[in-house]
Amino acid sequence: MYDVVIVGAGVVGCAIAREISRYKLKSIVLEKENDVCCGTSKANSAIVHAGHDALPETLKGKLNAKANLMFDKLAEDLDFHFRRNGSLVLCFDEKDMDKLYELKARGEKNGVPELQIISGDEVRKMEPNVSDQVVAALYAPTGGIVCPFNLTIALAENAHVNGVEFNFNSEVINIKKLEDGFEVKTKDKTIRTKILVNAAGVYGDKLNNMVSKHKFTITPRKGEYNLFDKYVGNLTDKTLFQLPTKLGKGVLVTPTIDGNLLVGPNAVDIEDKEDVSTTREGLDDIMEKASLSVKFLPKGNIITSFSGLRARSEKDDFIIGEAPDVPGFINASSIESPGLTCAPLIGVIVSDIIKEKLNPKLNENFNPKRKGITRFNDLSLEEKKKIIKERPEYGRIVCRCESVTEGEILDAINRPLGAKDLDGIKRRTRAGAGRCQSGFCISRTMELLHSELNIPPTEITKFGKASKILVGTNKESI
Amino acid sequence: MNYDLVIIGGGPAGLAAAVAAKEEGIDNLIILEREEELGGILNQCIHNGFGLHTFKEELTGPEYAQRFIDKVNELSIEYKLDTMVLDITEDKTIYAINPKEGLLEIHAKAIILAMGCRERPRGALTIPGTRCSGIMTAGAAQKFVNMKNYMPGKEVVVLGSGDIGLIMARRMTFEGAKVKAVVELLPYSSGLKRNIVQCLDDYNIPLKLSHTVVNIHGKERLEGVTIAKVDGNRKPIKETEEYIPCDTLLLSVGLIPENELSRKVGVELSPVTGGAVVDNHFQTSVEGIFSCGNVLHVHDLVDNVTLESYSAGKNASKYLKGQLRKGETIKLKATDGVRYTVPHFINPSTIEKDITVRFRVGDVFKGAAIAVYFDDTKVLNKKKRILAPGEMEEVKLASDLFSQYPGVKTITLKVERS
C-alpha cells in the first residue's frame, strides 16, 4: 500500500513529489510518457511570471507573486538555470494607458513588488530594439526566465533521490475507490494507495471525473511558438509582453535562459489532448503580432517551431485541493499559465494537505540539494582543462552547435531518472537543441544510448513509443 | 604550442590547403580535425563521380579523400583527430580540445578556416505539422545508411532537390526503400543536371517542381506529408494539396557554411554566401586568416573545392613569407542575375597570374552571357547556353587586364541576355 500516488510527471507532479519527499511516505509518480516533462511542462513560454495578470481573487492571482519569489532559493538548491531578467508589458496607444495603470494596480494587489510604469523612451533606453510605436510599459523587475525541462528534471531527480519512485509508460487506465484509499490500475500493474494526487495536466478532467461527482472539463488551449538562433538571442534582454489590443491578447518576445529568442504563443482551443502540431496560420499569426513589439524580427533565424497545450478548464483558474466528495483525492489540476511559475508553491500546498491527512514523520535523510549536469560550455578554460583530465569524455564534443560533450551525455543517461531517448538527452544537455537541430550529433548520441543502455539502434526513439529513428538495416526489405 | 599555419578542418578543403602550403615550404603546420578520420563529409559520399576534373577519373568520395590523405602522410603533415576547436582569438590563439590531450592552446601565425558546411534543418523552413520522428536531413540519413548500415525509413519523400537529396533518393532506392517523390519549391532543381538524370530519371522517381511540403502528419513516427503546388510568389495553392503517405521525410533544402568560429574571431561574413568576405588570396577581413571550401561558399563539385583550397594554401604560405602586400583593393560587384562572387575584392598589387572568379546566378537563364566590366568598360563576354543557380560558374580574369586598366575601382559581373 502506497501512501501517495501522483499521476503525472510534469512540473506540478514533480514539484509535489519533491515536497512530499521531505516526509517518510511511500510514494510513486505514474507517468504515461517515457520521461518527465513531456506534456504541458515541456512547451510553454518558459517564463517565471511576476504576477500582475491574474485577478486577485483567483488562485492564480494569489499564488503567482509568492511562487515567483521561491525561485532564487530553488534554483540554488536544485542547480538549474534561472534569471530575473525583468519583464515589460508594452502599451501601443495612449488611449490604453488606463489599462496599463489598471494592470499595475492589480499587480500591486497581488503582491508584485517594484512595479513601475515607464515611458516609451525609457523603454527604448532599456531595450533599444523595442518598437517606436510603444508609448509606455509596465516594468516588473521580478519577472524571470527558466528552463522548464531543467526545472522539472531537477525536481524529479531530487524527489527520486529522496525516495519517491517513478514509473514511466504507465498511463492510469482505471481508478477504484476503496474504504481506505484507491486502487489505481495501469497496463502493467495495480497499485493501492491512501492518497491519490491528480497532476495529470490536460488529462486532469478525465482522472477527476473517474472518481468525483464534481466534474470539470479541460479544453486544451494550444499555443504555438517560434524559437530563434542564439545569434539573435540578445534582440531583447527583458521579456516583452503586449498589453491586450483590439487584435487580441498579444504575444511575447523573450530571450530564453539558454540564450535563444522565443516568440509566441497564440491561443486556440482544441479537442484533441495530444495535438501539438503547428499550423501555417498560427505561426504566421504569432510572427505578425510579435513584430509589433520590436523594430525588426529576424525571421531568417528561426531554428524550430513548436506548440504546447495549456490545461484550461471552464473554471478559468487552478483547481487545487481535495475533491469535496472524495477524501484522499487531491487535485492539482487546470494548471494553465502561470502554472510553471506556481508549480513550486503548488507542491508545498499539496504537500501540506497530505501532511495534514497522514501526519507523516520527517524524512531525516532528505537532501534538499541536487547537482545538475556539469555544462562544459559554461566552464572557464581552467575548469575545462581540469574536467577533461579527470574525465576524458569531456574532451569530445558531440553536439557542435551547443558545444555539448560526450561526458555530459553519458551523465544525462546514467544519472537518477536518466535519459532513455533522444529528446531526453536534448532536454537534459541541449545536445540537438541548437541551430542544426541534431543533424550532426544524432548518430553519435544514438551510439551512446545504445552502448550505455544496451538498446538496439533500431529501438532507439525520439520520445518513446513508436517514435523510432531507424526502421531496419540496409537491403533488409529487398 | 606554436605553429606557423593551423588548418581547421581535415576535409577536402583542409587537406588540399595543407598539401599546397607544405609544397610551398611551410613545414611547421598542422591540421585539426574534429572527426576520428580525415576526409570530412567525403567519407560518407560512397557514390562515384568525384574527381572527374582533378584526376580525370571517376572516384567515390572516400577514394577521392584518400588521395589527399596519402599525400598528407607522404609529406609528413602533422594532424590531430578527434580535436574540436572551441575558440580563436584575435591574436590567432586557438583553443581546442580532445580527450587525450585535454585543452590545447595553439599559437598560430596564420590560420586557414576549412570547417565545411551544415544542412539547413526543418525548423529553418518552419514547415508546420507534428514533431514526430522520421524527419531528418539527407546528410544525416546518408551517414546512417552509408556508414552505419541502418535504414531511416521505407517510404520516403525528399524535400528539396539539392545534390545530397538527389543522391539519397537513389541510395534509399538501392537499399530497398520506395522514394515516392522529390519535392522542390523552385521551378528548377538546385542540384546538378547529371544528378537529376542519374538519380531520379533512371529510377522513375518523380521530381515535383514548384511544389512544397505544407504539413507533416504523425504523432510518434511520421505517417505522411501534405504537399502542394506553389504559385509565382512561392505561396502554396490550397486546391492543389495532395497527401502522400510515407514514414520518412528527408530534407535537402540548403547548406549553410559553418562559420561559428569565424564569427568569434570577427571575420566579416557575406550575407549572401554565409561565408567569409575574402580577397583574391582567400584572405578574410582578419589579416592572416584565410578561408576556403564549403565554409567559404557552398560548392557543387569537390574538384572546385580542391582548386580553391590549393590556392588558399599557397597564399597562406606567401603570407607567412611576407610576400602578400597590402594595398588598395578593387571591389567585385555581383548584379543583374549574378548573386555573389568569390573573391569579393581583389588586391591588384600582388597579381601574378589569372584570377578565377567563382559565382552563382540567382535564376535560370537561357542563351545569355556573363559580362565583366572594369568600371564602365566591358572586358569580357562569356556566352552560356544555360545558366542555373544549381551550377557554380567561373570566369578567369587575365592578369594583364589589371595593367591595361590601372586605377580600376570596381569590377562588375552581370548576366546579359543576348
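Refer to the structure presented above.
Presented here is a report on the structure given in the accompanying data block.

**Side note on unusual backbone geometry**
The peptide bond linking Ser-337 of chain A to Pro-338 of chain A adopts the cis configuration, its omega dihedral lying at 5 degrees. As for its position among the elements, Pro-338 of chain A is in the loop between strand S20 (329-333) and helix H9 (339-358). Backbone torsion omega between Val-342 of chain B and Pro-343 of chain B reads 5 degrees, so that peptide bond is classified as cis. Although it is not a glycine, Arg-430 of chain A sits at a positive phi angle of roughly 80 degrees. Tracing the backbone through its elements, the reader meets Arg-430 of chain A in the loop between helix H12 (422-429) and helix H13 (442-453). Owing to a relative accessible area of 12%, Arg-430 of chain A belongs among the buried residues under this scheme. The phi dihedral of Arg-234 of chain B falls on the positive side, at around 65 degrees, and the residue is not glycine.

**Digging into the packing of helix H2 (residues 59-68) of chain A against H9 of chain A**
Helix packing for two helices is described by the angle between their axes and how far apart those axes are. Residues and elements named next belong to chain A. Across the interface, H2 lies against H9 with an axial gap of 8 Å and an inter-helix angle of 100 degrees. The angle between the axes of H2 and H9 places the two elements in the roughly perpendicular class. When H2 is examined against H9, the residues Leu-63, Asn-64, Lys-66, Ala-67 and Asn-68 are found in contact with a partner set consisting of Thr-341, Cys-342, Leu-345, Ile-346 and Ile-349. Classifying every residue of the contact of H2 with H9 gives 6 nonpolar, 3 polar and 1 charged.

**Quick notes on empty space enclosed by the protein**
The tally for this structure, following the rule as stated, stands at 4 cavities of 30 Å³ or more. Considered as a void within the structure, the largest cavity measures approximately 570 Å³ in volume. The wall of the largest cavity is formed by 33 residues, among which Lys-426, Gln-437, Ser-438 and Lys-462 of chain A together with Ile-135 of chain B lie closest to the centre. Per-element tally for the lining of the largest cavity: the top contributor is H12 of chain A, with 4 residues. Here the residues of the lining of the largest cavity are counted per class, giving 14 nonpolar, 14 polar and 5 charged. For the second largest cavity, the calculated volume is near 420 Å³. In terms of lining, the second largest cavity is formed by 23 residues, of which the most central are Lys-42, Phe-149, Leu-227, Phe-306 and Arg-430 of chain A. Residue assignment for the lining of the second largest cavity shows that the elements contributing at least two residues are helix H6 (148-161), strand S18 (302-313) and H12 of chain A. Residue classes in the lining of the second largest cavity are distributed as 11 nonpolar, 5 polar and 7 charged.

**Focus: the side chain of Arg-428 of chain A**
Residue and element names in this part refer to chain A. Structurally, the position occupied by Arg-428 is in helix H12. The exposure class assigned to Arg-428 is buried, which follows from its relative accessible area of 5%. One polar contact links the side chain of Arg-428 to the main-chain carbonyl oxygen of Leu-417, over a distance of 2.9 Å. Arg-428 has contacts with Asp-35, Val-36, Ile-153, Ile-373, Ala-412, Leu-417, Gly-418 and Ala-419, leaving out every residue within four places of it along the chain.

**Examining the interface of chain B and chain A**
Residue-level contacts link 48 residues of chain B with 53 residues of chain A. Roughly 4500 Å² of surface becomes buried between chain B and chain A when both sides are summed, with 58% attributable to carbon and sulfur atoms. Per-residue buried area on chain B facing chain A is highest for Arg-131, Tyr-150 and Glu-220 of chain B; these three make up 15% of the total on that side. As a salt-bridge pair, Glu-36 of chain B and Arg-396 of chain A come within 3.9 Å of each other at their nearest N and O atoms. Joining chain B to chain A, the criterion identifies 22 residue pairs in polar contact (both at pLDDT 80 or more). Sort the elements by how many residues they give to the side of chain B that touches chain A and helix H4 (residues 138-148) of chain B lands first, with 5 residues. Partitioning the side of chain B that touches chain A into residue classes produces 20 nonpolar, 11 polar and 17 charged. Of the strand pairs in this sheet, strand S23 (residues 472-473) of chain A and strand S11 (residues 150-151) of chain B are connected by 2 bridges, and their pairing is antiparallel. Its bridge partner lying in S11 of chain B, Thr-473 of chain A is registered against Tyr-150 of chain B.

Procedures and definitions
Residues numbered from 1 in each chain as written. Chains lettered and ligands numbered in written order. Predicted model: local features only at pLDDT ≥ 70, side-chain atom pairs only at ≥ 80, totals over all residues. Heavy atoms only, no water. Helix = DSSP H or I, 4+ residues; strand = E, 2+ residues; numbered from the N terminus. Buried < 20%, exposed > 50% of the residue type's maximum accessible area, 1.4 Å probe, protein only. Axes fitted to C-alpha atoms, helices over the stretch in contact; angles between N-to-C directions. Parallel < 35°, antiparallel > 145°, perpendicular 65-115°, else oblique. Contact = heavy atoms within 4.5 Å. Nonpolar A, V, L, I, M, F, W, Y, C, P; charged D, E, K, R; others polar. 1 Å grid on protein atoms, 1.4 Å probe; cavity = no way out; pocket = protein on both sides within 12 Å on 5 of 7 lines; lining within 4 Å. Points joined across faces, edges and corners; volume = space filled by probe spheres on them. Polar contact = N/O pair within 3.5 Å; in protein donor to acceptor, adjacent residues only side chain to side chain. Buried area = accessible area lost by both parts, 1.4 Å probe. Salt bridge = Lys/Arg side-chain N within 4 Å of Asp/Glu carboxyl O. Pairing = 2+ DSSP bridges.

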